[in-house]
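Architecture at a glance
For reference, the chains in residue letters:
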Amino acid sequence: TAVLVDELPEIQLPMDYTEIPPFAVAGTAVPLAAAARDFDGSIDRVEFYADGVLIGTVVEGNWWDGYNLDWIPATNGWFALQAVAFDNLGGSNVSDVVQVEVDEPPQIEALLPDQDLTLPFGAATTTFKAQARDPDGSITNFEVYVGSMLIHRVGGDQIDFTGPADPGEAFCWKYSTHPVRFVATDNRGVSTEVSTVNINLLLPNVTAQIVSPVENQVFQVGQSIDFLVEGSVTPPARIASVAFYQR
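Cut-offs used in this document
- Residues numbered from 1 in each chain as written.
- Predicted model: local features only at pLDDT ≥ 70, side-chain atom pairs only at ≥ 80, totals over all residues.
- Heavy atoms only, no water.
- Helix = DSSP H or I, 4+ residues; strand = E, 2+ residues; numbered from the N terminus.
- Rg over C-alpha atoms; globule rule 2.2 N^0.38 Å.
- Contact = heavy atoms within 4.5 Å.
- Areas by Shrake-Rupley, 256 points an atom, 1.4 Å probe, with all protein chains shown as cover.
- Lys, Arg positive; Asp, Glu negative; His and termini not counted.
- Charge placed at Lys NZ, Arg CZ, Asp CG, Glu CD.
- Buried < 20%, exposed > 50% of the residue type's maximum accessible area, 1.4 Å probe, protein only.
- Salt bridge = Lys/Arg side-chain N within 4 Å of Asp/Glu carboxyl O.
- Polar contact = N/O pair within 3.5 Å; in protein donor to acceptor, adjacent residues only side chain to side chain.
- Phe/Tyr/Trp six-rings, centres within 6.5 Å; stacked < 30°, edge-to-face > 60°.
- Pairing = 2+ DSSP bridges.
- Axes fitted to C-alpha atoms, helices over the stretch in contact; angles between N-to-C directions.
- pLDDT = per-residue confidence, 0-100.

What about the overall build of the protein chain?
Looking only at helices and strands, one finds 1 helix and 19 strands in the protein chain. Its C-alpha atoms give the protein chain a radius of gyration of 33 Å, clearly above 18 Å, the size a compact globule of 247 residues would have. Each principal axis of the C-alpha distribution contributes one length, and for the protein chain these read about 125 × 45 × 25 Å. Restricting to contacts in the protein chain with at least 6 residues of sequence separation, those with at least 24 account for 60%. Summed over all atoms, the accessible surface of the protein chain reaches about 15,100 Å², with 51% contributed by carbon and sulfur. Side chains of the protein chain give 10 positive and 33 negative charges; the mean places of these two sets differ by 14 Å.

In structure tokens:
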């Protein structure tokens, strides 16, 4: 009587030169890479499990690149990850357990401003209001930005601040449209950002009028001409210089 003895496959999670982060964020992909090989046949598939629940099956892979799967945890908590290799004869082997802690990111409710705003030069002030919560911890840092400029920061979960909406950009970029961004960070260092409205800052209004000489006034060749110009600009801007052009 002939007996076929199957040598079970080898499986390693994670494979060499890769790692599984011990800390992950719910809703964010966690790359898993397992090394599997079979000395008397071939690998049929590799299955990945989290707390004993199948999270994916990979059939394409090799010893060099491994068997790869992106796991996206849906909730927080501790998870025991394992990989199971199956060979072409049905034999299987289980990897060691890898423990991963998953953190739920903060949640933000942006309240004010609740619509896009257009603010005049010199009066770019508005109210910023939002609240944040962390399902499995606490909010340690809460910030509001206009564009890339930090406007206000608190060490808790509530922002209620009225102040300047100055994005702090160079002049040519300042007076345009900038997103309002709220960023909350929890006690594990995980951050969430929301951006729902924009603020458009208007350029200052500038006027200039030549008072003297008057239009069509006649001068002799070689005669000097004195110019008198009246101008205004929206405060707090000021007129720095006046240039004259001939056409």
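Notes on the side chain of Asp-87
Among the structural elements, Asp-87 can be located in strand S7 (residues 77-87). For the buried Asp-87, no salt bridge exists, and the shortest N-O distance to an oppositely charged side chain is 8.1 Å, to Arg-45. Within the local environment of Asp-87, its side chain forms a polar contact with the backbone nitrogen of Leu-89, the two atoms lying 2.9 Å apart. Here the side chain of Asp-87 touches Gly-90 through a polar contact of 3.0 Å, landing on its backbone nitrogen. Once residues within four sequence positions are removed from consideration, Asp-87 is found in contact with Asp-6, Glu-7, Pro-9, Asp-38, Ser-42, Ile-43 and Asp-44.

Quick notes on the packing of aromatic side chains
Evaluation of the coordinates by the stated rule reveals 3 aromatic pairs. Summarising the aromatic geometry, the rings of Phe-142 and Phe-182 are spaced 6.3 Å apart at their centres and angled 50° between planes, so their arrangement reads as tilted. Residue Phe-142 is located in strand S13 (residues 139-146), and its partner Phe-182 is located in strand S16 (residues 177-186); the two are separated by 40 residues in the primary sequence. Comparing Phe-142 with Phe-182, the two get one shared label, buried.

Some remarks on the sheet that holds strand S6 (residues 67-71)
Reading across the sheet, the 3 strands line up as S1-S3-S6 and stay open at both edges, with antiparallel pairing between neighbours. With one partner strand each, in any of the chains shown, strand S1 (10-12) and S6 form the two edges of the open sheet. On average, each strand axis in the sheet is inclined to that of its neighbour by 25°, with strand direction left out of account. Pairing of S1 with strand S3 (residues 30-37), which is carried by 3 bridges, proceeds in the antiparallel orientation. Bridged to Ile-11 within S3 is Ala-36.

Notes on the confidence of the model for the protein chain
Per-chain confidence: the protein chain averages 90 in pLDDT, with 96% of residues scoring 70 or above. Of all the helices and strands in the protein chain, helix H1 (residues 171-174) carries the lowest mean pLDDT, 60, while strand S5 (residues 53-58) carries the highest, 98.

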